[in-house]
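Residue-level structure breakdown
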Amino acid sequence: MKTVTVKATIDLPIGAIADAVGAEVCRTIIAAEREQAQAIKYRPAHEALKQASAAVVQSLTAWEKVRHTVGERAAFDKLIATTRGLRTTLETLKI
């Protein structure tokens, strides 16, 4: 079987291609951004409180386990941070 090598220059009107698909691409990007923002923005309040409370309980348990040891300070700092996170969640939800 013989092969033929062809070297050619093809002029494509980029402006026309962009006009044809640009609007659809923009709509797709905007829709994806909205969907992502809604997923973050509209998380149910009970789920946010549940997660923040669980983090505080977990941090408290960890702190209680390491009291009077070298790791106590780090565990206490983590407990304070998760408690602040719970406070922020409550303030955000305005409960």
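Right, let's walk through the structure included here.

Criteria and cut-off values
- Residues numbered from 1 in each chain as written.
- Predicted model: local features only at pLDDT ≥ 70, side-chain atom pairs only at ≥ 80, totals over all residues.
- Heavy atoms only, no water.
- Helix = DSSP H or I, 4+ residues; strand = E, 2+ residues; numbered from the N terminus.
- Rg over C-alpha atoms; globule rule 2.2 N^0.38 Å.
- Buried < 20%, exposed > 50% of the residue type's maximum accessible area, 1.4 Å probe, protein only.
- Lys, Arg positive; Asp, Glu negative; His and termini not counted.
- Charge placed at Lys NZ, Arg CZ, Asp CG, Glu CD.
- Expected span 1.5 Å × (residues − 1).
- Arc of directions from axis to C-beta.
- Contact = heavy atoms within 4.5 Å.
- Phe/Tyr/Trp six-rings, centres within 6.5 Å; stacked < 30°, edge-to-face > 60°.
- Salt bridge = Lys/Arg side-chain N within 4 Å of Asp/Glu carboxyl O.

Take the overall build of the protein next. Regarding its fold elements, the protein presents 3 helices and 0 strands. Along the protein, helices (α) and strands (β) appear in the sequence α-α-α when read from the amino end. Relative to the compact-globule value of 12 Å for 95 residues, the protein shows a C-alpha radius of gyration of 28 Å, a clear excess of over 25%. By its C-alpha atoms, the protein is 80 × 40 × 20 Å across when sized along the principal axes. Per-residue burial over the protein gives 9% buried out of 95 residues. In the protein, 14 positive and 10 negative side-chain charges are present, and the distance between their average locations comes to 4 Å.

Taking 1.5 Å as the rise per residue, helix α3 (residues 72-93) with 22 residues should run 32 Å; its terminal C-alpha atoms sit 32 Å apart, in good agreement. Turning to α3, its buried residues number three or more, namely A75, L79, T82 and T89. With its buried residues spanning 80° around the axis, α3 presents them on a single face. For α3, the exposed residues lying more than 90 degrees away from the buried face are R73, A74, R84, R87, E91 and T92. Residues of α3 that are buried in the fold lie against α2 (45-65). Positive phi appears at K94, one or two residues downstream of α3, with a value of about 55°.

Counting across every chain of the model gives 1 aromatic pair. For the pair W63 and F76, a centre-to-centre distance of 6.3 Å together with 55° between the ring planes defines the contact as tilted. With a gap of 13 residues between them, W63 in helix α2 and F76 in helix α3 connect regions that are remote in the sequence. Its relative accessible area of 31% is what places F76 among the partly exposed residues.

With that settled, consider the pattern of salt bridges. If you walk through the whole model with that rule in mind, you get 2 salt bridges. Among the ionic pairs, E24 bridges to R27, the shortest N-O distance being 2.9 Å. Highlighted residues: E24 and R27, both in helix α1 (residues 14-41), separated by 3 residues, approximately one helical turn. For E24, a relative accessible area of 45% gives the class partly exposed. Between D77 and R73 there is a salt bridge, and its shortest N-O distance comes to 3.3 Å. Here the residue D77 and the residue R73 both occupy positions in helix α3, the gap between them amounting to 4 residues, near one helical turn. D77 gets classed as partly exposed once you look at its relative accessible area, which sits at 38%.

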